[in-house]
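Structure assessment
The lines below spell out each chain.
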Amino acid sequence: MSQAQAPSANVSGFNAVAAKAGGIDIDWTIDGTMLSDDRVVVSICDSDAQCTNPDESSYDDQVTSMLYSGQNTVHGNTYHITASVCKSGLCSNVAYKNVTADKVVASVTATG
């Protein structure tokens, strides 16, 4: 009986940046080939990189980006974001970024 192994595909080109209204734009590319039951798992923790209940989302190989809504963030808080290719609880490399939510919108000046 062979032992289960982590997926051979890896997350690369991982990026996460603050977006308007406090959102966080997250995108990635995959090195290697994801199998049909492999998933990219994105985990987001507010303030504590080792939080016990991260906000997790999983995607197949057709998805390479997501927007974490500003409704889920607090202005000025740092969000710890990780992504890896996983299958049955085993994961490949972990890519990570820290992003500070920014809900401040530049003021608009009307002239006339």
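Higher on the page you've got the structure.
Residue positions are given per chain, counting from 1 as you read along its sequence in written order. Since the coordinates come from a predicted model, pLDDT governs what is reported: local features require at least 70, and pairs of side-chain atoms require 80 or more to be given and counted, while whole-chain, interface and lining totals use all residues. To get the side-chain values, take all heavy atoms of the structure and skip hydrogens and water.

**A word on the pairing of strand β5 (residues 65-68)**
Inclusion rule: Exposed residues in this analysis have more than 50% of their type's maximum accessible area, buried residues have under 20%, and partly exposed residues fall in between, with area computed by a 1.4 Å probe over protein chains only. A helix here means a DSSP run of H or I that spans at least four residues, while a strand means a run of E at least two residues long, and both kinds are numbered starting from the N terminus. In this description, strands pair whenever DSSP reports at least two bridges between them.
Of the two faces of β5, the one holding Met-66 and Tyr-68 is buried and the one holding Ser-65 and Leu-67 is not buried anywhere. Examined bridge by bridge, strand β2 (residues 24-31) and β5 share 4 bridges and lie antiparallel to one another. When the sheet's bridge partners are listed, Asp-25 is paired in β5 with Leu-67.

**Re the packing of aromatic side chains**
Our working rule: Stacked, edge-to-face and tilted labels apply to pairs of Phe, Tyr and Trp rings (six-membered ring for Trp) whose centres lie within 6.5 Å, assigned for plane angles under 30 degrees, over 60, and everything in between, in that order.
All chains considered together, the criterion is met by 2 aromatic pairs. Ring centres of Trp-28 and Tyr-59 lie 5.7 Å apart, and the angle between their planes is 40°; this geometry places the pair in the tilted category. Pair noted here: Trp-28 is in strand β2 and Tyr-59 is in strand β4 (residues 55-59), with a separation of 31 residues, a long-range link. Of the two residues, Trp-28 and Tyr-59, both sit in the buried class.

**What to know about the nonpolar core**
Under the convention used in this document: The definition of a nonpolar core used throughout is a set of buried Ala, Val, Leu, Ile, Met, Phe, Trp, Tyr and Cys residues joined through side-chain atoms within 4.5 Å. The contact definition used throughout considers only heavy atoms, calling two residues in contact when any of these lie within 4.5 Å.
Counting residues in each nonpolar core, the largest one holds 21 residues, and the members touching the most others are Ile-26, Trp-28, Val-42 and Ile-81. If you list the elements that add at least two residues to this core, you get β1 (10-18), β2, β3 (39-46), β5, β6 (78-87) and β8 (95-100). Beyond its immediate chain neighbours, meaning those up to four positions away, Trp-28 contacts Val-11, Ser-12, Gly-13, Phe-14, Val-40, Val-42, Tyr-59, Val-63, Thr-64, Ser-65 and Met-66.

**Regarding the state of the cysteines**
The condition that has to hold: Cysteine sulfur atoms that pair up within 2.5 Å are treated as a disulfide.
The full count for this structure, using the stated rule, is 2 disulfides. Paired through a disulfide, Cys-45 and Cys-51 show a sulfur-sulfur distance of 1.9 Å. Note on the Cys-45 and Cys-51 pair: the S-S dihedral is about -70°, so by sign convention the disulfide is left-handed. Residue Cys-45 is classed as buried on the basis of its relative accessible area of 6%. For Cys-86, the disulfide goes to Cys-91, at an S-S distance of 2.0 Å. Measuring the twist about the S-S bond at about 105°, one finds the Cys-86-Cys-91 disulfide to be right-handed. Disulfide partners in the protein chain, listed by the sequence order of the bonded cysteines, are 1-2, 3-4.

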